[in-house]
Amino acid sequence: AFRDGDIIVAPMLHPAWLPELVRSGGAVCEVGGWLSHMAIVARERGIALITGVSGLATLADGTELILEMDGRVTLAATIRETALAAE
């Protein structure tokens, strides 16, 4: 069910996932660092990749995420709820 632009959420990114990474809108994973193979590939291709994220197993499929430039991962629903509360 992976579509172009989807964000990959995984415990780790294996190099065999390169075709999916290239099609993705970004990726978040628990294991890895900025010098891991997939992080280097993502950086070379201009793809957002955030490593060292905890709690990914609690996300349901289809959860909308926002990958922040400072390395934070925000749930899009949280942004909407805050915006609605502010109205």
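Everything below is about the structure printed above this text.
Residues numbered from 1 in each chain as written. Predicted model: local features only at pLDDT ≥ 70, side-chain atom pairs only at ≥ 80, totals over all residues. Heavy atoms only, no water.

Peer 1: Quick question: what am I supposed to make of the nonpolar core here?
Peer 2: If you look at soluble globular proteins, the nonpolar side chains tend to sit buried side by side. Core analysis: the largest hydrophobic core is formed by twelve residues, namely Ile8, Ala10, Leu13, Leu21, Ala27, Cys29, Met38, Ala39, Val41, Ala42, Ile47 and Leu49. For this core, the secondary-structure elements that each account for two or more residues are strand E1 (7–10), strand E2 (26–29) and helix H2 (37–45). For this core, the element with the most residues is H2, which contributes four residues. If we skip the residues at most four places from it in the chain, Leu13 touches Ile8, Leu21, Ala27, Cys29, Met38 and Leu49. Residues Ile50, Leu56, Leu65 and Leu67 belong to the second largest nonpolar core, which totals six residues. (Core = buried A, V, L, I, M, F, W, Y, C linked by side-chain atoms within 4.5 Å. Buried < 20%, exposed > 50% of the residue type's maximum accessible area, 1.4 Å probe, protein only. Helix = DSSP H or I, 4+ residues; strand = E, 2+ residues; numbered from the N terminus. Contact = heavy atoms within 4.5 Å.)

Peer 1: I tried to follow the sheet that holds strand E3 (residues 49–50) on my own but got confused; where do I start?
Peer 2: Hydrogen bonds along the backbone pair up the strands of a sheet, which may run parallel or antiparallel. Spatial ordering of the open sheet is given by E1-E2-E3, a layout of three strands whose pairing is parallel. Looking at the sheet topology across the chains shown, the edges are occupied by E1 and E3. By the bridge criterion, four bridges tie E1 to E2 in an arrangement that is parallel. Across the sheet, Ile7 pairs through a bridge with Gly26, a residue of E2. (Pairing = 2+ DSSP bridges.)

Function cannot be inferred from these measures alone, as they are strictly geometric.
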